[in-house]
Amino acid sequence: MLQLNVKDESSRLRAVVLGTAISNGPTPQIEEAYDPKSLEHILAGTYPIELDMVPEMDAFEAVFKKYEVTVYRPEIIQNYNQIFTRDIGFVIDDVFIKSNILPDRERELDAIQYVIDQMDPTKVVRPPEEVHIEGGDVMLWENYIFVGTYKGSDYKDYITARTNWQGVAFLKQLFPNKVVKEFDLVKSKIEARDNALHLDCCFQPVGKNKGIIYKSGFREESDYMFLVQLFGKENLFHIEREEMYHMYSNVFSIAPDVVVSEKNFTRLNNWLRKNGFTVEEIPYAEIAKQEGLLRCSTLPLIRE
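Residues numbered from 1 in each chain as written. Predicted model: local features only at pLDDT ≥ 70, side-chain atom pairs only at ≥ 80, totals over all residues. Heavy atoms only, no water.

Engineer: Can you tell me about the pairing of strand β12 (residues 252–255), naming the residues and giving the values?
Structural biologist: Across three bridges, β12 lies against strand β13 (residues 258–262) in antiparallel orientation. Counterpart to Phe252 in the pairing with β13 is Val260. (Pairing = 2+ DSSP bridges. Helix = DSSP H or I, 4+ residues; strand = E, 2+ residues; numbered from the N terminus.)

Engineer: Describe the side chain of Ser10, listing the residues and the values that go with them.
Structural biologist: Within the element layout of this structure, Ser10 appears in the segment before β1 (13–18). When its relative accessible area of 8% is taken as the criterion, Ser10 is described as buried. A distance of 2.8 Å separates a polar atom in the side chain of Ser10 from the backbone oxygen of Gly207. When sequence neighbours within four positions are dropped, the list of residues in contact with Ser10 reads Gly207, Ser253, Ile254, Ala255, Pro256 and Arg303. (Buried < 20%, exposed > 50% of the residue type's maximum accessible area, 1.4 Å probe, protein only. Polar contact = N/O pair within 3.5 Å; in protein donor to acceptor, adjacent residues only side chain to side chain. Contact = heavy atoms within 4.5 Å.)

Engineer: Go over the side chain of His198 with me, naming the residues and quoting the values.
Structural biologist: In this fold, His198 is placed in the loop between β8 (179–184) and β9 (203–206). Among the residues examined, His198 registers a relative accessible area of 2% and is labelled buried.

Engineer: Pulling in residues and values, what's your account of the sheet that holds strand β2 (residues 70–72)?
Structural biologist: Pairing is mixed in the open sheet, where three strands are placed in the order β2-β1-β15. For this open sheet the edge positions go to β2 and β15 (298–303), each flanked by a neighbour on one side alone. Averaged over neighbouring strand pairs, the angle between their axes works out to 20 degrees when direction is ignored. As defined by bridge partners, β1 adjoins β15 across five bridges and the pair is classed as antiparallel. By the bridge assignment for β15, Val17 is matched with Leu299. (Axes fitted to C-alpha atoms, helices over the stretch in contact; angles between N-to-C directions.)

Engineer: Please provide a residue-by-residue account of the sheet that holds strand β3 (residues 89–92), values included.
Structural biologist: Ordered in space as β3-β4-β5, the three strands form an open sheet in which the pairing is mixed. Unpaired on one side and paired on the other, β3 and β5 (124–125) mark the two borders of the sheet. Pairing of β3 with strand β4 (residues 95–98) involves four bridges; the strand directions are antiparallel. Looking at the pairing, Gly89 lines up with Lys98 of β4. The sheet strands contacting helix α5 (residues 165–174) are β3, β4 and β5, and the helix crosses β4 at an angle near 160 degrees.

Engineer: Give me the lowdown on unusual backbone geometry, citing residues and values where you can.
Structural biologist: The backbone phi angle of Asp93 is positive, close to 55 degrees, even though this residue is not glycine. Tracing the sequence through the fold places Asp93 in the loop between β3 and β4.

Engineer: Any chance you could break down empty space enclosed by the protein for me, citing the residues and the numbers?
Structural biologist: If you walk through the whole model with that rule in mind, you get two cavities of 30 Å³ or more. One number sums up the size of the largest cavity: a volume of about 90 Å³. What lines the largest cavity is Val6, Asp8, Glu9, Arg86, Phe90, Val91, Val138, Leu140, Arg295, Pro300 and Arg303. Within the residue set of the lining of the largest cavity, elements represented by two or more residues are β3, β6 (138–141) and β15. (1 Å grid on protein atoms, 1.4 Å probe; cavity = no way out; pocket = protein on both sides within 12 Å on 5 of 7 lines; lining within 4 Å. Points joined across faces, edges and corners; volume = space filled by probe spheres on them.)

This is the structure we're talking about:
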């Protein structure tokens with residue numbers, strides 16, 4: 001039995017599901033793009049290929065092995081994108097919540113069923129159909145559950161809006177003892193530099209009291225100010241529009257003092273080191289072209 005336990009973003013990791021880029025399928029057609037960044041690369045002829053992405057994910061797995069983390073990988077579905085396991089489910093405390101994802105991604109959950117089968121079935125939850133929620137929008141910090149959402153009346157018009165108000169309400173009901181704090185995110189169907197696909201595209205805590213933040217990713221300045229007051233401005237690394245586009249806030253913590261980051265994130269990596277973190281740098285720039293990075297490719301199951 002897997003003893004699920006995830007209470008925050010940075011405690012020592014023991015078990016994780018890491019996506020896979022094997023048999024990733026052909027470059028999508030323009031109308032198949034899930035987000036503006038993928039669309040941009042499809043149009044430019046620079047959409048990433050399997051040959052370039054598999055070594056990036058192998059490098060990530062090698063870091064996990066170095067830190068003796070148990071790594072599960074999805075079963076391979078032929079010609080199918082299975083990189084972003086963060087979207088398909090997430091763990092809060094000892095509960096595994098399956099996401100109601102975009103319908104054509106349902107098979108990704110089937111591919112990790114062998115992992116779900118090792119969990120206590122009473123701790124596996126599937127929200128009702130009207131609840132939309134993806135792991136990239138859910139973040140744990142102390143007694144808080146931070147949830148990225150989109151409150152615009154045109155929610156249904158945005159394929160980039162992944163978590164709705166029903167998703168927020170569902171988490172409040174499921175975890176009555178936690179403080180569920182929602183953040184209204186900026187969405188764009190056409191400009192990746194103005195699209196916070198998930199909360200982890202514009203914010204993520206690292207270590208015990210630090211965080212990475214992109215002010216313009218929040219539709220309401222009060223949401224941004226809430227985090228500034230909670231963490232303290234001096235503890236937050238502010239990223240710029242272009243850095244947000246390259247997904248600077250989408251690093252991944254293996255321990256309170258160990259962060260896996262993209263090797264080109266020089267400004268961020270220097271700040272992390274200056275603040276006492278060990279930074280494990282890996283190449284991940286090809287996968288980033290699909291508007292997802294390190295946190296997006298992981299589904300943590302057990303942290304100490």
